[in-house]
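The chain contents come next:
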Amino acid sequence: MKAIRRFTVRPVLPEPLTPLADLARNLRWSWHAETRELFQSVDPDGWQAAGGDPVRLLGAVSAARLAELAGDRRFLRRLAVVTADLDDYVGGGRWYQSHESGAELPAAIAYFSPEFGITAALPQYSGGLGILAGDHLKAASDLGVPLIGVGLLYRHGYFRQSLSRDGWQQEHYPVLDPNELPVSLLRDADGAPARVSLSLPGGRALHAHIWQARVGRVPLLLLDSDVEDNDAPAREVTDRLYGGGSDHRLLQEMLLGIGGVRAVRTYCDLTGHPAPEVFHTNEGHAGFLGLERIRELEGEQGLGFDAAVEAVRAGTVFTTHTPVPAGIDRFERSLVARHFGEGGELPGVPVDRILELGAESYPGGDPGVFNMAVMGLRLAQRANGVSTLHGAVSRGMFAGLWPGFDPADVPITSVTNGVHAPTWVAPEVVRLGIRQIGPGRTEDALSVGGSRRWDAVADIPDQDVWDLRRVLREQLVQEVRDRLRASWLQRGAAEAELGWVDSVLDPDVLTIGFARRVPSYKRLTLMLRDPERLRRLLLDPERPVQIVVAGKAHPADDGGKRLVQELVRFADDPRVRHRIVFLPDYGMAMAQKLYPGCDVWLNNPLRPLEACGTSGMKAALNGCLNLSVLDGWWDEWFEPDFGWAIPTADGVGTDEERRDDLEANALYELIEGRVAPRFYDRVGRTGLPVRWIEMVRRTLVSLGPKVLAGRMVREYVERLYAPAALAHRALTPDAARDLAWWKGRVRAAWPRVGVEHVEALAAAPVNGTAELGSTLTLRVQVSLDALTPDDVEVQAVAGRVDAQDVIRDGRAFPLKPSVGPDLEGRWVYEGPLALDRTGPFGYTVRILPSHPLLATPAELGLLAGPSETDTAGPGTGVVLR
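Structural notes, computed from the coordinates.

Reading guide: rules and limits
Residues numbered from 1 in each chain as written. Predicted model: local features only at pLDDT ≥ 70, side-chain atom pairs only at ≥ 80, totals over all residues. Heavy atoms only, no water. Helix = DSSP H or I, 4+ residues; strand = E, 2+ residues; numbered from the N terminus. Buried < 20%, exposed > 50% of the residue type's maximum accessible area, 1.4 Å probe, protein only. Contact = heavy atoms within 4.5 Å. Polar contact = N/O pair within 3.5 Å; in protein donor to acceptor, adjacent residues only side chain to side chain. Salt bridge = Lys/Arg side-chain N within 4 Å of Asp/Glu carboxyl O. Pairing = 2+ DSSP bridges. Right-handed = clockwise from strand over helix to strand, strands pointing away. Expected span 1.5 Å × (residues − 1).

### A short note on the side chain of Gln212
Logical step 1: Following the sequence through the fold, Gln212 ends up in strand S7 (residues 204-215).
Logical step 2: On the accessibility criterion, Gln212 (12% relative accessible area) is buried.
Logical step 3: Ignoring any residue separated from it by four or fewer positions in sequence, one finds Gln212 in contact with Val183, Ser184, Leu186, Pro219, Leu220, Leu221 and Tyr267.

Shown next as structure tokens:
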């Protein structure tokens with residue numbers, strides 16, 4: 001019989017146990033072992049049944065057990081210690097508070113993301129973007145960075161995955177009751193739920209409550225549209241992550257961006273938290289936050305639209321995570337116009353100016369769409385990709401926004417992602433670290449980094465390393481068997497036919513892991529290109545291999561579901577099912593067992609379509625070796641000392657079938673010829689794989705400090721947040737108006753700005769050659785129209801040239817005005833050009849806008865150079881000897 005109404009009955013904790021409620025509501029327990037151990041001791045069986053969720057545990061523990069614990073002095077002492085530790089963690093000074101930049105750092109940063117993967121107990125994530133956002137918040141908390149997270153509370157979260165009997169993915173959407181989650185309603189001073197509201201076309205409204213999760217020191221605000229005052233469609237806006245059609249997605253992103261800013265303002269007003277000086281947009285989904293801030297500035301400070309844009313840009317950071325245009329949210333312009341037009345949201349902000357911000361107004365762009373990433377870039381003065389390679393890919397992908405600039409000059413930098421080690425490192429690995437380097441030093445190394453602490457791993461004895469690896473592998477084997485049995489029962493098998501599950505996997509066999517989302521570019525089934533060869537690998541009598549696979553295809557992606565089915569059918573084969581398994585419903589809880597238990601982490605995307613790929617980082621922190629295509633972070637940090645690079649067939653062009661065949665063959669050869677022999681090569685009397693163990697050590701020592709989220713967040717603070725805060729402070733209302741006026745004047749004059757003549761004076765090359773170390777003196781005549789030298793920077797750009805005379809790795813040399821202006825606004829600039837590289841060498845001259853409040857000369861996307869009819873003097877191309 002189905003209930004007609006659902007509500008939550010909360011336990012009443014005895015007074016001595018009331019701190020348990022605060023501990024359960026602060027998600028620090030998800031990465032703090034002592035807090036988890038305390039809750040486990042409340043009721044070990046109940047803890048397991050609750051899936052390690054303190055809120056669920058406290059909702060199920062008996063009153064008799066609570067009364068018993070209230071009189072247990074030993075338990076109360078432990079409770080007092082853990083409570084005091086949390087108080088010190090939340091209130092004490094940390095890295096940020098003692099940073100040498102001090103007052104230059106922002107008072108607060110608002111971090112917006114459509115999903116957050118904090119813990120399995122708060123299932124508000126689908127994959128890498130959400131897990132990254134969760135790790136960002138946790139690392140910010142550890143470092144004391146005053147972040148405010150902003151997202152949506154999805155009543156169904158992402159989907160739960162199961163398999164049909166024939167291996168087809170099936171989706172389930174269990175209802176999530178916020179009252180049973182580790183969140184609490186933000187309330188007004190009178191106790192009523194705080195809420196934000198958006199106007200919708202047709203006189204409708206979208207209201208949302210604000211739920212708050214505590215992520216250590218960091219508040220996470222989650223907006224929930226399941227509010228009684230909403231009509232039925234509005235209540236369903238936050239029903240599920242990445243669900244629904246275009247209108248539904250647009251409303252989600254309006255609520256996230258516009259409603260999110262309003263939620264932050266409400267939270268700061270109610271709690272006294274400092275107002276954010278910097279707004280960080282994690283992918284384009286939250287890009288509408290910039291429009292709400294424009295509305296605020298136009299209304300509250302009387303700025304015009306252009307000046308408000310400048311003020312908003314100064315304090316905004318935009319992070320892109322996609323290496324392909326298809327991964328960007330794009331909406332029909334007419335749909336956006338309807339929601340921001342008459343009777344819609346943001347009255348007073350011109351809808352035509354809003355549409356300009358998201359317009360693909362560049363060669364190859366679609367004039368009928370509104371591009372969320374394009375708007376994000378136009379409303380952020382600072383932008384980044386999530387690995388060095390991805391930064392380069394992003395500069396090429398978005399180069400149309402900066403016409404005339406080489407991709408290398410496009411103002412998108414990179415901050416390589418990291419992972420939160422206390423979340424992902426197995427307790428057994430932590431205990432070994434504590435034994436080797438001490439508890440305080442281990443915690444510091446995992447949270448903050450520091451290569452000297454990681455170097456201590458080199459002194460751990462071989463036997464201890466190998467024993468640890470076997471324990472972790474053995475735990476994974478049991479986890480796999482339990483999950484596999486549950487999956488087969490769900491698929492309709494009888495218990496009597498599942499005896500074979502008890503022999504699945506072997507704790508002494510080389511174990512390879514592969515787990516991620518299942519878009520086509522990640523190539524879930526590359527390992528199946530030659531099924532017979534894979535079977536031989538799995539069943540090798542001397543060097544067998546076993547593989548654990550997991551992953552979810554998007555509910556609307558039938559192609560991805562077919563890949564899952566293909567893999568499942570292969571793994572169902574009785575000949576190999578003890579050596580390869582597919583585990584459905586991949587999520588954080590599974591991942592925390594999978595990463596430590598694998599010996600090798602496999603990643604074989606189509607290069608360069610993996611923006612970063614942090615799963616291999618999590619595996620590495622547990623001593624798992626990476627076997628990966630050189631993509632994302634692995635392209636940046638790979639060394640043969642701690643893993644293997646799968647060769648890529650970049651030269652085969654668009655023939656994807658041939659490329660997959662070649663790269664699958666390379667994968668098989670690596671496993672057969674190098675990976676498996678290294679694992680099974682036992683040396684001397686100890687019988688240990690000494691070279692393998694050394695690779696594990698090198699992984700921990702060399703990669704450990706690099707892959708930490710603490711390192712990542714420190715880079716964001718120092719390279720992006722701090723400069724953005726200073727720029728935000730500099731853009732006072734008057735400064736914003738002046739900057740907007742200046743940009744308008746420069747744009748109006750720019751069609752008549754150009755380089756008219758270039759000549760080399762002293763030390764000009766003779767017969768096209770010059771000597772290394774010599775210096776050219778350049779004289780350049782430029783037309784600036786109504787602009788002055790204070791408005792521009794004139795540069796010579798020089799470096800090696802290729803066969804097409806394209807300058808590679810160019811270096812800029814500033815030139816200074818020497819004569820001018822004449823009656824037509826022409827100036828003469830001069831300056832030296834050092835010839836500091838041998839080989840084919842060339843130079844050119846360019847003019848860029850220049851203003852103290854620009855983050856980069858490329859910011860306006862304006863560049864002027866020599867015309868095709870330029871009467872350049874000798875020496876624009878030379879060979880240095």
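### Description of the environment of Ser615
Logical step 1: Position of Ser615 among the secondary structure elements: in helix H24 (residues 615-620).
Logical step 2: Distance in space between the C-alpha atoms of Ser615 and Asn626 is 9.9 Å, their sequence separation being 11 residues.
Logical step 3: Contacts of Ser615, omitting those with residues within four sequence positions, involve Ala515, Arg516, Tyr595 and Trp601.
Logical step 4: Only 3.0 Å separates the side chain of Ser615 from the side chain of Arg516, close enough to count as a polar contact.

### As for the pattern of salt bridges
Two side chains carrying opposite charge are able to pair once their charged atoms lie near each other.
Logical step 1: This model, assessed by the stated rule, comprises 60 salt bridges.
Logical step 2: The salt bridge involving Glu296 is made with Arg265; its shortest N-O contact spans 2.8 Å. On the criterion of sequence distance, the pair formed by Glu296 in helix H10 (residues 289-300) and Arg265 in helix H9 (residues 246-271) is long-range, its members being 31 residues apart.
Logical step 3: Look at Arg265 and you get partly exposed, because its relative accessible area is 25%.
Logical step 4: The closest approach of N and O atoms between Asp785 and Arg752, which form a salt bridge, is 3.2 Å. Taken as a pair, Asp785 in the loop between strand S23 (775-783) and strand S24 (792-801) and Arg752 in the loop between helix H29 (733-749) and strand S21 (754-760) lie far apart in primary sequence, 33 residues in all.
Logical step 5: For Arg752, a relative accessible area of 46% corresponds to the partly exposed category.
Logical step 6: If you follow the salt bridges from partner to partner, you end up with Arg523, Asp650, Arg659, Asp660 and Glu663 in one network.

### Details of the pairing of strand S2 (residues 147-152)
Logical step 1: Along S2, 6 of the 6 residues are buried, which leaves the element largely enclosed by surrounding structure.
Logical step 2: Inspection of the sheet shows strand S1 (residues 109-112) paired to S2 by 4 bridges, in the parallel sense. Bridge pairing in S2 links Tyr111 to Gly149.
Logical step 3: In this view, the connection linking S1 to its parallel neighbour S2 by way of helix H7 (residues 128-143) has right-handed handedness.
Logical step 4: In this sheet, strand S8 (residues 218-224) lies alongside S2 in parallel orientation, the contact comprising 4 bridges. Note that in S8 the partner of Gly149 across the bridge is Leu220.

### Here we look at helix H23 (residues 588-597)
Logical step 1: In terms of residue burial, H23 counts as a mostly covered element, since 7 of its 10 residues are buried.
Logical step 2: Taken residue by residue, H23 has Met588, Met590, Ala591, Leu594, Tyr595, Pro596 and Gly597 as its buried positions.

### Things to note about H7
Logical step 1: With 16 residues, H7 should reach 22 Å at 1.5 Å per residue; the first-to-last C-alpha distance of 22 Å fits that figure.
Logical step 2: Of all 16 residues making up H7, 15 are buried, and the element is well covered by its neighbours.
Logical step 3: Of the residues one or two after H7, Gly144 is the one with positive phi, at around 80°.

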